[in-house]
Amino acid sequence: MPTLNDLARSRTELAGADLEWLHTLVSDWQLLADLSFADLILWAPARDGDSWLAIAQMRPTTGPTSLPDDVVGATAPADDQRLLDIVRNERRIYRESDPDWTRGVPVRTEVIPVTRAGRVIAVIQRCTNLSSARTPSRLELTYLQGADDLARMVAEGAFPFPGANAVLARSPRVGDGLVRLGKSGHVTYASPNAESAYRRLGLSADLIGSELGAVTAGLCAPAEPLDESLMMVATGRAAGEAEVDGNGSVVQLRSIPLAVGGERTGALVLVRDVSELRRRERELLTKDATIREIHHRVKNNLQTVAALLRLQARRLRAPEARAALEEAVRRVSSIAVVHETLSHVPDEVVDFDDIAGRVARMAGEVSAPEARVIPRITGSFGMLPASLATPLAMVLAELLQNALQHGLAQAGKDHGLLEVTVVRDEDRLTASVADSGVGLPDGFDLDATASLGLQIVRTLVAGELGGRLRIVPRRGGGTEAVVEFPVGSDRALSGRSLHPARLARSAAHTCARARSRIARRLSARRSSSLIPPQMPASWPVSIAQRRHSSVTVQRRQTCLASSIWSSAGPLFPIGKNSSGSTSRQAAWWRQSMMSTPSRRPDAARCAVRVMSSRVM
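Residues numbered from 1 in each chain as written. Predicted model: local features only at pLDDT ≥ 70, side-chain atom pairs only at ≥ 80, totals over all residues. Heavy atoms only, no water.

Asker: Please explain helix 4 (residues 78-90) as it appears in this structure.
Answerer: The α-helix advances 3.6 residues per turn, and as a result positions three or four apart in sequence lie on the same side. Between the first and last C-alpha of helix 4 there are 18 Å, a value that for 13 residues agrees with the 18 Å anticipated at 1.5 Å per step. When we look at burial in helix 4, the residues that qualify are Asp80, Gln81, Leu83, Leu84 and Val87. Summarising the axial view, the buried residues of helix 4 lie within an arc of 160°, below the 170-degree limit, and thus occupy one face. For helix 4, the exposed residues set more than 90 degrees away from the buried face come down to Ala78, Asp79 and Asn89. (Helix = DSSP H or I, 4+ residues; strand = E, 2+ residues; numbered from the N terminus. Expected span 1.5 Å × (residues − 1). Buried < 20%, exposed > 50% of the residue type's maximum accessible area, 1.4 Å probe, protein only. Arc of directions from axis to C-beta.)

Asker: What exactly am I supposed to notice about the nonpolar core here?
Answerer: Proteins that are soluble and globular tend to have nonpolar side chains buried together. Of all hydrophobic cores here, the largest spans 53 residues; its most connected members are Phe352, Phe381 and Leu400. At 14 residues, helix 12 (residues 386-411) tops the list of elements feeding residues into this core. In this structure, phenylalanine 352 is in contact with Phe381, Gly382, Leu384, Ala389, Leu392, Ala393 and Leu396, ignoring residues within four places of it in sequence. Counting residues in each nonpolar core, the second largest holds 46 residues, with Leu7, Leu35, Ala151 and Phe161 among its members. (Core = buried A, V, L, I, M, F, W, Y, C linked by side-chain atoms within 4.5 Å. Contact = heavy atoms within 4.5 Å.)

Asker: Before we go on, may I ask you to explain helix 2 (residues 16-28) in this structure?
Answerer: For helix 2, built from 13 residues, the straight-helix expectation of 18 Å at 1.5 Å per residue is met to within 8% by its first-to-last C-alpha distance of 19 Å. The complete set of buried residues in helix 2 reads Asp18, Leu19, Trp21, Leu22, Leu25 and Asp28.

Asker: When you look at the packing of aromatic side chains in this model, what are you seeing that I'm missing?
Answerer: The description of an aromatic ring pair rests on the distance of the ring centres and on the angle between the ring planes. What the rule picks out here adds up to three aromatic pairs. A centroid spacing of 5.4 Å and a plane angle of 85° characterise the contact between phenylalanine 159 and phenylalanine 161, whose relative ring orientation is edge-to-face. Judged by centre distance (4.9 Å) and plane angle (65°), the rings of phenylalanine 352 and phenylalanine 381 are edge-to-face. Of this pair, phenylalanine 352 sits in helix 11 (residues 352-365) while phenylalanine 381 sits in the loop between strand 11 (376-378) and strand 12 (383-385); the two residues are 29 residues apart in sequence, bridging distant segments of the chain. (Phe/Tyr/Trp six-rings, centres within 6.5 Å; stacked < 30°, edge-to-face > 60°.)

Asker: Quick question: what am I supposed to make of the sheet that holds strand 4 (residues 119-129) here?
Answerer: Overall, antiparallel pairing links the four strands, which are arranged 2-1-4-3 in an open sheet. The strands lining the two open edges of the sheet, one partner per strand, are strand 2 (52-58) and strand 3 (107-116). Each strand axis lies, on average, 25° off the axis of its neighbour in the sheet, ignoring direction. In terms of strand pairing, strand 1 (residues 38-45) meets strand 4 through six bridges, oriented antiparallel. Considered in strand 4, the bridge of leucine 40 is made with arginine 126. Here helix 2 sits on the sheet and contacts strand 1, strand 2, strand 3 and strand 4; the angle it forms with strand 3, its principal contact strand, is near 135°. The strands touched by helix 5 (residues 138-156) within the sheet are strand 3 and strand 4, with strand 3 carrying the most contacts at an inclination of about 40°. (Pairing = 2+ DSSP bridges. Axes fitted to C-alpha atoms, helices over the stretch in contact; angles between N-to-C directions.)

Asker: Is there a simple way to think about the sheet that holds strand 11 in this case?
Answerer: What links the strands of a sheet is backbone hydrogen bonding, and the strands pair in either a parallel or an antiparallel sense. Spatial strand order, 11-13-14-16-15: five strands in an open sheet with mixed pairing. If you trace the sheet from one side to the other, it starts and ends with strand 11 and strand 15 (468-473), each paired once. On average, each strand axis in the sheet is inclined to that of its neighbour by 15°, with strand direction left out of account. Relative to strand 16 (residues 479-486), strand 14 (residues 428-435) runs antiparallel, the two being bridged by eight bridges. Residue alanine 431 lies in a different strand from strand 16, and its bridge partner there is valine 483. Together, strand 15 and strand 16 form the strand contacts of helix 13 (residues 452-464), whose direction differs from that of strand 15 by roughly 135°.

Asker: Whenever I open this one, the packing of helix 9 (residues 275-315) against helix 10 (residues 319-342) confuses me. Can you help?
Answerer: When two helices pack together, their arrangement is given by the angle between the helix axes and by the axis-to-axis distance. For the pair helix 9 and helix 10, interaxial distance at closest approach is 8 Å and the crossing angle is 165°. When the axis of helix 9 is compared with that of helix 10, the two are roughly antiparallel. Judged by the twist between their axes, the crossing of helix 9 over helix 10 is left-handed. The segment helix 9 lies against helix 10, with Arg292, His295, Val298, Lys299, Leu302, Gln303, Ala306, Leu309, Arg310, Gln312 and Ala313 engaging Arg322, Leu325, Ala328, Val329, Val332, Ser333, Ile335, Ala336, His339, Glu340 and Leu342. Across the contact of helix 9 with helix 10, the residue classes break down as twelve nonpolar, five polar and five charged. (Parallel < 35°, antiparallel > 145°, perpendicular 65-115°, else oblique. Left-handed = near helix turned anticlockwise from the far one by under 90°. Nonpolar A, V, L, I, M, F, W, Y, C, P; charged D, E, K, R; others polar.)

Asker: Looking at this structure, how should I read the environment of arginine 138?
Answerer: With respect to the element layout, arginine 138 can be found in helix 5. When the C-alpha positions of arginine 138 and tyrosine 189 are compared, they lie 8.6 Å apart, and in sequence the two are 51 residues distant. If sequence neighbours within four positions are ignored, arginine 138 has contacts with Thr188, Tyr189 and Ile208.

Written out as structure tokens, the structure is:
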């Protein structure tokens, strides 16, 4: 379905301030549809000047619809076009039409001009389904009276309010609770939901007849300073939103001042109990702070491990042992960089460009003295989930260190080329590390290499990133390592390397369960109302994603430890002994570990215990 912008710019003359006015109207006209119990269609003059184009449509949530089919993008029929022309020319609300039975149900049609700066820029057709007509209650009469005032304000150009901010998705709706104020700010009517919301704040008397501003001020928490904007909203003298916090409950208010013919007639105040929502948000903030603290402590523990390994390396005299410990320090430090970044962000998504820059500087600082080259990064990694950032940081550190030590250092170049090039599209990321060193040895085979660093890189790229690794000769001399892996939104929701379809089903089921729980809890607390309280669609999705992310933090660490453990080989030193040669001992170890099912879980649990001790 085309959007309002697309239709207005391609098939009408609307532009600039007129189009922005219609956007503001459409963002808030659910209020008019609910108060009217009617469907709304926004018609704009077509570019040819002889027809009308439907550019927006809204159905009520308080009554049955009269338009089951979408009409956006359609041209007005001849009979409707005649009414639209009359309203534009006479600049008045048209109510003289008889009910229409062509759709099988009686539908009453009214047309409201949309005025801005003294000009009619569009019209609203209001279609009411009369099939369920009955004697209206006082609640429905209040709704209709408010709808009539708003319709007249639209025709006079007084609604939407000029300069008002766009209404958020979490704003109260008509069915959440409605209070009608008179000119003096006293309550002339309060719906049952509104009464219940004020009861939860601690009100013992009735709202009707009281001054809403004074009552609201008296229900605020005594220790909290009184917000001036709250009084303006509660008295209905200014359009806006505010919250009342008292008696352990939180109630959200939204004020719509009513002024017909330039004279103030009162106000509508929408009321919604958001206690449960605010409690959930506080829980999320607490969980986010806990997760950040965990990342901070993991970073501290990793830095402690790196410092201990560095101290041990200084005491060793064997160059090979010292080099091995220095490599371990570098690998641990690359993981610590990711956790340090995660400790400063509220979500499990980080800006990897900062991490890549720090990893590159760290690789340059610990490189051999004969190859003091600072890597250069071209392109942008962008935002990546922690499930991808941690293994990618290790992969980048290994490839940079490999290029410095085995490429540029052996070539004896202190001003060689070492460049990281990044290309990212919607669902894939490609990163290459190129150097101008000695190049690949003859007969190089990535699958058969004995280098521990390359084995770790290959395992992380295939297992954790779900991508592929290529190491090829660089044009012009040297070596180029290319890493390519998916970065779709499904991977951002999970720390495990699963099939995208399975990830999508898992996320959908999690969100569905969250929505179901929210609906049950809200329906249990709902009193007599025409519609259930409206919940933003993004809130349960955000809850599910955050919970899914927090659960997978420890899983990522376990998977990462298992990946490194599987490629690291035996955990004990290998040397010649009475049992035979080194190769025979290694073969015996691999065969026993891979062929004995009972021993593999023990080794995996050992790796899990090691990583768990780091987290704690």
